Amino acid sequence: MAKAAESPRSAICDSTKTCGSKICGSKIWPGPLLLLQSHCAAASFVIALAFAHGGQASAAPFGDRVSSCVLIEDAAANEAGGGGSDEELEDDEDDEGDGEKDVRGLLAADGVTCIAISGSADASAQTMRQTAKYPGATSGSVPYSSIAAMGLNLATSTPTQYGVLTTGFETSFASDGQSTLNKATIGVGPLSIGYDSSQFNYWTGDNFAGAALQPMPSSFQIARTFKPWENTTFAVSLESAISQPAGPGAGQQQSSQAGSADSDKSPAGGVVLSLESEGDAVSGKIAIYGRPSWTDSAGAKRPEAWAMNAGLEYDAKAFVRNLTIATQATIVSNSPELIGTRFERATIGNLNLPAFETLGWSGLISLGQELTDQWSVNAHASFFKFTLPAQPLLSGRALSMRGAANVSWSPADDFNIILEVSLTRLTLDLSGPARSKHGTGNAAATTLAIARNF
């Protein structure tokens, strides 16, 4: 199924003027963020690399003859490779069969640089119904909302004597006037640096309507990948605090607007170790996160944090035709921003809890079945819970249970229409001198989403 464009809406994100639009900001390392927080600077940086590292400043970007090529996406597995000729690309496609399609691009004038440009267009409409006791139900929730978004992706790959040089840039623009930087990276071989989805993430939920408006939480990171075995990747990543740029919008559950005592200084960066394996029938990933203690702007000492995440995807065609089952389990200590799925993390992000001691866990099971070449159905159920021990500013617990089911129609390649129903039950029992929030309620949403990738 085609991946929906990622376009966040946030009522709580910090916005700054950038090229006549807005970009959602996040509390991540202030130094490196200066290199990435401008859409124009990031775009110019990546595009300049795409056309400059070929070494022919006087030549046209694509030369006199336009040739197709295959983008090298896994630089660690292609240390000495490049985009081949048209005949070689056809042979590769034949060998690949029904597997994942290669990303095609245009060959630059240097004869080795492959430049791939793609985009997406999405529109969503949602009706929402919340009970009176649903946390945040009285803080501006609306029964109906709609939004449209456009996405732009640019990627390049160039084989060099030091490994494959890759760049990536992804941004999205929404009808509400907000724009978001989703990715801005540069890498050489297995080493990469930039702003990207955290190595801690696994289950993406791309087959669900909310994915169009709820991007995967990202961070500024320096990552090194290894290939110990075929189809197995080990990654070590130094990452800033996870950012949660998205908020309520069409195509996703409204999140709670409850809050806690604010943290004026973001947590210290952490380290992620992950091991991911992809097989014909079973794929999975295990990730471990660690973060040292840090001191906030008031001089208070904040505790160190750790988290573990394990996910598994199983092709269950031996039991039911074209059935896929995915599961994920997470346990975290003092890092609530890592609890839950991409659809639930906005709720936790609105609580602004990184400065507090917490213990939480979450779980998920997802089912997907292709009924025909054009029709498919998907469903998932998830929960998260975390507790805060008695602290001077805040204590209590939060619990969420969420389920969603949809039917998807793909009348053409890279074009999807999704009709989805989702239910959420949210319980907040937070109290303290700084702020208190209590409530248990339900929310139901019906979403119609249209996604077109090109």
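Caption draft 1: Layout of empty space enclosed by the protein. Per the counting criterion, the structure on display carries 6 cavities of 30 Å³ or more. Computed from the structure, the second largest cavity encloses a volume of approximately 70 Å³. Taken together, 13 residues line the second largest cavity, and the ones lying closest to its centre are Asn201, Trp203, Gln328, Gly340 and Arg345. In terms of residue class, the lining of the second largest cavity is built from 5 nonpolar, 6 polar and 2 charged.

Caption draft 2: Inspection of the nonpolar core at higher detail. One finds Phe200, Leu338, Leu353, Phe386 and Leu388 to be the most contacted residues of the largest nonpolar core, which totals 20 residues. Those elements giving two or more residues to this core turn out to be β13 (282-291), α4 (345-351), β19 (375-388) and β21 (415-431). Here this core takes 3 residues from β19, the largest share from any one element.

Caption draft 3: Layout of the pairing of strand β12 (residues 270-277). Bridge count for strand β11 (residues 232-239) against β12 is 8 bridges, and the pairing is antiparallel. Looking at β12, one finds that Ala235 is bridged to Ser274. Direction of pairing for β12 relative to β13: antiparallel, over a ladder of 7 bridges. The residue of β13 that forms the bridge with Leu273 is Ile288. In this antiparallel pair of consecutive strands, β12 and β13, the connection spans 4 residues.

Caption draft 4: Molecular detail of the side chain of Ser395. Here Ser395 is to be found in strand β20 (residues 395-412). Relative accessible area serves as the criterion here: at 18%, Ser395 is assigned to the buried category.

Caption draft 5: Seen up close, the state of the cysteines. Under the counting rule described, the total for this entry stands at 1 disulfide. The residue that forms a disulfide with Cys69 is Cys114, at a sulfur-sulfur distance of 2.1 Å. Note on the Cys69 and Cys114 pair: the S-S dihedral is about 90 degrees, so by sign convention the disulfide is right-handed. One end of the pair, Cys69, is in strand β3 (residues 68-70); the other, Cys114, is in strand β5 (residues 114-130), and 45 residues separate them in sequence. Considered together, Cys69 and Cys114 belong to a single accessibility category, that of buried residues.

Caption draft 6: Layout of the packing of aromatic side chains. Applying the stated rule across the entire model yields 6 aromatic pairs. A centroid spacing of 6.0 Å and a plane angle of 50 degrees characterise the contact between Trp203 and Phe208, whose relative ring orientation is tilted. Owing to a relative accessible area of 3%, Phe208 belongs among the buried residues under this scheme. Arranged with centres 6.1 Å apart and planes meeting at 75 degrees, the rings of Trp203 and Phe343 form a pair that is edge-to-face. Separated by 140 residues along the polypeptide, Trp203 in the loop between β9 (191-197) and β10 (218-229) and Phe343 in the loop between β17 (323-333) and α4 bring together distant segments of the chain. Each member of the pair, Trp203 as well as Phe343, carries the same accessibility label: buried.

Caption draft 7: Highlighting the confidence of the model for the chain. With 71% of its residues at a pLDDT of 70 or more, the chain shows a mean pLDDT of 77. Segment residues 91-99 is flagged for pLDDT under 50; beyond a separation of four residues in sequence, or across chains, it makes 4 contacts in the model. Below pLDDT 50 for its whole length, residues 245-264 participates in 92 contacts with residues either more than four positions away or in separate chains.

About the cut-offs
Residues numbered from 1 in each chain as written. Predicted model: local features only at pLDDT ≥ 70, side-chain atom pairs only at ≥ 80, totals over all residues. Heavy atoms only, no water. 1 Å grid on protein atoms, 1.4 Å probe; cavity = no way out; pocket = protein on both sides within 12 Å on 5 of 7 lines; lining within 4 Å. Points joined across faces, edges and corners; volume = space filled by probe spheres on them. Nonpolar A, V, L, I, M, F, W, Y, C, P; charged D, E, K, R; others polar. Core = buried A, V, L, I, M, F, W, Y, C linked by side-chain atoms within 4.5 Å. Buried < 20%, exposed > 50% of the residue type's maximum accessible area, 1.4 Å probe, protein only. Helix = DSSP H or I, 4+ residues; strand = E, 2+ residues; numbered from the N terminus. Pairing = 2+ DSSP bridges. Disulfide = S-S within 2.5 Å. Phe/Tyr/Trp six-rings, centres within 6.5 Å; stacked < 30°, edge-to-face > 60°. pLDDT = per-residue confidence, 0-100. Contact = heavy atoms within 4.5 Å.

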